[in-house]
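Secondary and tertiary structure notes
The primary structure of each chain is shown beneath.
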Amino acid sequence: MGGANGSSTWRNWAGNVTARPAREVSPASAAELADAVRRAAEDGLSVKAVGTGHSFTAAAATDGVLIRPDLLTGIRGIDRAAMTVTVEAGTPLKRLNTVLAREGLSLTNMGDIMEQTVAGATSTGTHGTGRDSASIAAQITALELVTADGSILTCSEKENPEVFAAARIGLGALGVVTAITFAVEPVFLLTAREEPMAFDRVTAEFDGLFAENEHFEFYWFPHTGNCNTKRNNRSAGPAAPPGRLSGWIEDEFMSNGLFQVVCSLGRAVPATIPSIAKVSSRALSARTYTDIPYKVFTSPRRVRFVEMEYALPREAVVGALREVKALVDRSPLRVSFPVEVRTAPADDIALSTASGRDTAYIAVHMYKGTPYQAYFTAVERIMTAHAGRPHWGKLHTRDAAYFADVYPRFAEFTALRDRLDPERRFANGYLRRVLGD
């Protein structure tokens, strides 16, 4: 065995979820993991694999056997003919990105942080923004899964296709993912253009900004009429990364250091938030830089927060965002974190937030330790009125009855779960709520 040890308390990144597993296991191979699942069954214990704990929900919490991914890491192989890379499930995205870049390759699209493991990120539906390119899970071409009876399934469009269709975003409900094969392409350059823009202009011109850019996103600063927009488009080069000093000022000082101070002050004295927001949102300046994809798509996130994000039909997003702004403007809420808007094309994964519909996302955040309930509840009410689908790894209050309504293929997923895990070896409180018993 790759080592089993006694239990200690497990905590997620945001610190809002804790669990005390009966035991922890760090398998070094799919075979060892399968063995751990069989032993858990003998002892009548449930099993959950964790990544780096970047989910705000209790998706990975268990009082049974906690599978740690630390030894299931590394690149199994790069197939240049098929243009794929196969990686162990516990490999951090950060490591995958650097190895691919060294090999002259890249994923097509990704989210904005890369601390997560590949299995954790894909299983919860992590996404960036894209007009034509979808979530990380949509770039999976094959995966290896340990199921409840301890068998190791290889799934792709050709092999176990019905499992493949669902398991790319499986929430940990169908089994434990042990390896993933991603489609890759030759590395390319992206030019990022960041530019402040008024809220009224961004919302009025949203359709055009979306249509004209491969990757468009924007942030609105609550209590202000100001936004920051970001457009990423492929470029012939040459590479022109941000200067070290200006890059540090924008990415480290403004986004992490100064922001941390501002959030702490806002938490201590909420009344200061609107005036700080007006100053800080005006302090943004336009900048353009060109680099390889992961250096443009991702940025460090050191300020801890909790988050809720909803996926809406793309045509509903501007109206919903205007409702959120009206809500903040008329309420006593004090919100120091910007609201983020991104997009994704429709995909064919059963529980993808973009399943079967062109999608836009609205994400709201609150600084760690700030009461977020009133804000998130009010925003969630707006989102559910638009048939919103919450991100599986972020805070929400929805349950299986709601999901059966907003996901056309929900029953297909739960039927597969019944077949692969009839005894609910991989269940926990969160999965019981969102998928039913």
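This report concerns the structure included in the present document. (Residues numbered from 1 in each chain as written. Predicted model: local features only at pLDDT ≥ 70, side-chain atom pairs only at ≥ 80, totals over all residues. Heavy atoms only, no water.)

1. What to know about the sheet that holds strand β17 (residues 287-291)
Convention followed: Only when DSSP finds a minimum of two bridges between them are two strands counted as paired. Here a helix means four or more residues in a row that DSSP labels H or I, a strand means two or more in a row labelled E, and each is numbered from the N terminus. Throughout, a contact is declared for two residues whenever any of their heavy atoms are within 4.5 Å. Axis definition: a line fit to C-alpha positions, over the contact stretch in the case of helices; interaxial angles, taken between N-to-C directions, run 0 to 180 degrees.
The sheet built from 8 strands is open, its strands ordered β17-β14-β16-β15-β19-β20-β18-β21 with antiparallel pairing. The open sheet terminates on both sides in strands that have one partner only, identified here as β17 and β21 (389-390). In this sheet, strand β20 (residues 359-367) lies alongside strand β19 (residues 339-344) in antiparallel orientation, the contact comprising 5 bridges. Residue Val 341 lies in a different strand from β20, and its bridge partner there is Ile 362. Of the strands in this sheet, β18 (305-313), β19 and β20 touch helix α11 (residues 373-385), which is tilted by about 10° from β18.

2. Things to note about the environment of Glu 32
The test is simple: For the purposes of these results, a polar contact is taken to be a pair of N or O atoms within 3.5 Å, where, inside protein, one atom must be able to donate a hydrogen and its partner to accept one; residues adjacent in sequence count only when each atom of the pair is a side-chain atom.
Take Glu 32: it is sitting in helix α1 (residues 30-42). Polar side-chain contacts of Glu 32 include one of 2.8 Å to the backbone nitrogen of Ala 28.

3. Thoughts on the packing of helix α10 (residues 317-330) against α11
The cut-off we apply is this: Angular relationships are summarised with four words: roughly parallel below 35 degrees, roughly antiparallel beyond 145, roughly perpendicular across 65 to 115, and oblique for the angles in between. By convention the crossing between two helices is left-handed if the near helix lies anticlockwise of the far one by an angle smaller than a right angle, and right-handed if it lies clockwise. Residue classes follow a fixed rule: Ala, Val, Leu, Ile, Met, Phe, Trp, Tyr, Cys and Pro count as nonpolar, while Asp, Glu, Lys and Arg count as charged, and any other residue, Gly among them, counts as polar.
Across the interface, α10 lies against α11 with an axial gap of 10 Å and an inter-helix angle of 150°. On the basis of their axis angle, the class for α10 and α11 is roughly antiparallel. The way α10 lies across α11 gives a crossing that is right-handed. For the pair formed by α10 and α11, the contact residues are Ala 320, Glu 323, Val 324, Leu 327 and Val 328 on the first element and Tyr 375, Ala 378, Val 379, Ile 382 and Met 383 on the second. When its residues are assigned to classes, the contact of α10 with α11 shows 9 nonpolar, no polar and 1 charged.

Take it as geometry only, folks, not as evidence of what the structure does.
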